[in-house]
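One-letter residues, chain by chain:
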Amino acid sequence: MASPTDGAELQRMKSLSDILSSYEGTSDNLVKAIVTLGEATAHVSVILSNYVKHTYAGTQNASGDDQLDLDIDCDKAVFAAVRQSEMFTTAASEETPVETNVGTGPYSVAFDPLDGSSIIDANFSVGSIYGIWEGNSILGRTGRQQVSSAVALYGPRTTLCIALPSSSAVLEVTLVQNRTKWELSRPLIQLQPSGKIFAPGNLRASNDNAQYGALLQYWLQNRYTLRYTGGMVPDVYHIFVKSKGVFVNVSSEKAKAKLRLAYEVAPIGLIVECAGGKTCLDTEDRSVLDVTIDDLDQRCGVAFGSTDEVVRFSQYMFQETSKP
């Protein structure tokens, strides 16, 4: 398995550490933990750049999805970085969905090592998702208790979008100079209250979810711009880049939600709300960050994005008589 053992680890780690330390309220330990995830991202970036064959491992994850060798390689790369860091006690991932002891550090991490493996053969952008909690467990916690979260995007560039709740900030860094250095590319990401961009996940649910179908028609009739790849990370990341828009993934009786609370929904939800946006479940008018993680395979439907757009989502989903 390829890994960036090119002598650049210290330079990468120092560059990201210097950036994070400039944000007031970010502790030394948290900086080290996030730097660890930066190293994991660099390792995954190398693995993806050397990916050629779409081969299956012959196993399934807990969700019943056939695992690619690539999924497992990326999972192992993140676990290796986490174990080596000595900053984490517990880790769990979409591919290894159990609380796994990884050391005696002050944090726990939940992650999706490769979001979008079903679209990678078309060379679409894919990502990794990370959530960090203090303590030795993820179960029984809420997304709002995260001390940080991050989303990596692998495309023409490798970028990392990081939420720092203690600093009320969301920033983006980009891996540059042949993966030897992180550079601050966006010091502060803030979402505008509204924006006519939509990404409708699980669109088949609009066939038997009347509220979702009506909302879809609203977007089309009001000439919203569609931006949708089928990958959660690039679709949500587009909202961060444009500073506006809405991503939704809604369930129906015949098309259930597949998004995992611990590995996907809670970490991305923290970034959205730290950037001044809003989140909502598809089953009740409630922030995704207030849901307790009772099961590592717990799933939910969501809306992420600009505040006014998520409010509109809530009106269509839950307030039949008050649609705009």
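Residues numbered from 1 in each chain as written. Predicted model: local features only at pLDDT ≥ 70, side-chain atom pairs only at ≥ 80, totals over all residues. Heavy atoms only, no water.

S.K.: Which parts of the structure should I look at to understand the nonpolar core?
M.R.: Counting residues in hydrophobic clusters, the biggest one holds 49 residues, and the most contacted among them are Leu20, Leu48, Leu70, Phe88, Tyr130, Ile132 and Ile162. Residue contributions to this core peak at 11 residues, all from helix H2 (residues 28-49). Apart from the residues lying within four places of it in its own chain, the contact partners of Ile132 are Leu30, Ala33, Ile34, Leu37, Phe88, Tyr107, Ser108, Gln146, Val147 and Ser148. By size, the runner-up hydrophobic cluster in this structure holds 40 residues, among which are Ile239, Ala262, Leu270 and Leu281. (Core = buried A, V, L, I, M, F, W, Y, C linked by side-chain atoms within 4.5 Å. Buried < 20%, exposed > 50% of the residue type's maximum accessible area, 1.4 Å probe, protein only. Helix = DSSP H or I, 4+ residues; strand = E, 2+ residues; numbered from the N terminus. Contact = heavy atoms within 4.5 Å.)

S.K.: Whenever I open this one, the packing of aromatic side chains confuses me. Can you help?
M.R.: The description of two aromatic rings rests on the distance between their centres and on the angle between their planes. Applying the stated rule across the entire model yields 8 aromatic pairs. Centre to centre, the rings of Phe79 and Phe111 are 5.3 Å apart; their planes meet at 65°, and the pair counts as edge-to-face. In this pair, Phe79 sits in helix H3 (residues 69-85) while Phe111 sits in strand E5 (residues 107-115), placing the two residues 32 residues apart along the sequence. Phe111 shares its class with Phe79; the two are buried. Measuring from centroid to centroid gives 6.4 Å for Phe88 and Tyr107, while their planes differ by 55°, and the two rings are tilted. Of the two residues, Phe88 is situated in strand E3 (residues 88-93) and Tyr107 in strand E5; the sequence distance between them amounts to 19 residues. Take Phe88 and Tyr107: they sit in the same class, and that class is buried. Following the ring pairs from residue to residue traces out a cluster consisting of Phe198, Tyr218, Trp219, Tyr224 and Tyr316. (Phe/Tyr/Trp six-rings, centres within 6.5 Å; stacked < 30°, edge-to-face > 60°.)

S.K.: Please explain the sheet that holds E3 as it appears in this structure.
M.R.: Strand pairing in a sheet takes place through backbone hydrogen bonds and is either antiparallel or parallel in direction. Strand order in the open sheet formed by 8 strands is E4-E3-E5-E6-E7-E8-E9-E10, and the pairing between neighbours is mixed. Two strands lie at the open edges of the sheet, namely strand E4 (100-101) and strand E10 (181-186), each paired on one side alone. Note that strand E7 (residues 146-154) and strand E8 (residues 158-164) share 6 bridges and pair antiparallel. If you follow Val151 over to E8, its bridge partner there is Cys161. Sitting on the sheet, helix H5 (residues 232-242) is in contact with E5, strand E6 (126-134), E7, E8, strand E9 (169-176) and E10, with an inclination near 105° to E7. (Pairing = 2+ DSSP bridges. Axes fitted to C-alpha atoms, helices over the stretch in contact; angles between N-to-C directions.)

S.K.: In this structure, what is going on with the state of the cysteines? I would like to understand it.
M.R.: Note on terminology: disulfide describes a covalent bond linking the sulfur atoms of two cysteines. For the structure on display, the rule yields 0 disulfides. Here Cys280 is not disulfide-linked; the sulfur of Cys300 is the nearest cysteine sulfur, at 10 Å. (Disulfide = S-S within 2.5 Å.)

S.K.: Got a minute to help me understand the environment of Ser167 in this structure?
M.R.: If you trace the backbone, Ser167 turns up in the loop between E8 and E9. Ser167 sits 130 residues away from Leu37 along the chain, and the two C-alpha atoms are 19 Å apart. What Ser167 contacts, discounting residues up to four positions off in sequence, is Tyr23, Glu24, Gly25 and Thr26. A distance of 3.4 Å separates polar atoms of two side chains, one belonging to Ser167 and the other to Thr26. (Polar contact = N/O pair within 3.5 Å; in protein donor to acceptor, adjacent residues only side chain to side chain.)

S.K.: How should unusual backbone geometry be read in this particular structure?
M.R.: Apart from glycine, the bulk of residues carry a negative phi angle, and the bulk of peptide bonds sit in the trans form. One non-glycine residue, Glu86, lies in the positive phi region at around 65°. Along the chain, the position of Glu86 falls in the loop between H3 and E3. With phi around 50°, Gln177 is a residue other than glycine that occupies positive phi space. Along the chain, Gln177 falls in the loop between E9 and E10. Judged by its relative accessible area of 47%, Gln177 is partly exposed.

S.K.: Please explain the confidence of the model for the chain as it appears in this structure.
M.R.: A low pLDDT score tells you not to read the predicted coordinates there in detail. Predicted confidence across the chain gives a mean pLDDT of 93, with 94% of residues reaching 70 or more. Long-range and interchain partners of residues 1-5, a stretch whose pLDDT sits below 50, account for 12 contacts in this model, where long-range means more than four residues apart. (pLDDT = per-residue confidence, 0-100.)

S.K.: Help me understand H3, please; the structure alone is not making it clear to me.
M.R.: Helical geometry: 3.6 residues make up each α-helical turn, so side chains three or four residues apart lie on a common side. An ideal rise of 1.5 Å per residue puts 24 Å on 17 residues; H3 measures up with 25 Å between its terminal C-alpha atoms. Those residues of H3 that sit buried are Leu70, Asp71, Cys74, Asp75, Ala77, Val78, Phe79, Ala81 and Val82. The first or second residue beyond H3 is Glu86, which carries a positive phi of 65°. (Expected span 1.5 Å × (residues − 1).)

S.K.: What is the right way to look at the packing of H2 against H3 in this model?
M.R.: Each pair of packed helices can be summarised by the angle the axes make with each other and by the distance between the axes. H3 packs onto H2 with a crossing angle of 150° between their chain directions and a minimal axis gap of 9 Å. Considered as vectors, H2 and H3 are oriented roughly antiparallel to each other. Considering only the axes of H2 and H3, their crossing is right-handed. Side by side, H2 and H3 meet where Thr36, Leu37, Ala40, His43, Val44, Ile47 and Leu48 of the first sit next to Leu70, Asp73, Cys74, Ala77, Val78, Ala81, Val82 and Ser85 of the second. Looking at the contact of H2 with H3 residue by residue, the classes come out as 11 nonpolar, 3 polar and 1 charged. (Parallel < 35°, antiparallel > 145°, perpendicular 65-115°, else oblique. Left-handed = near helix turned anticlockwise from the far one by under 90°. Nonpolar A, V, L, I, M, F, W, Y, C, P; charged D, E, K, R; others polar.)

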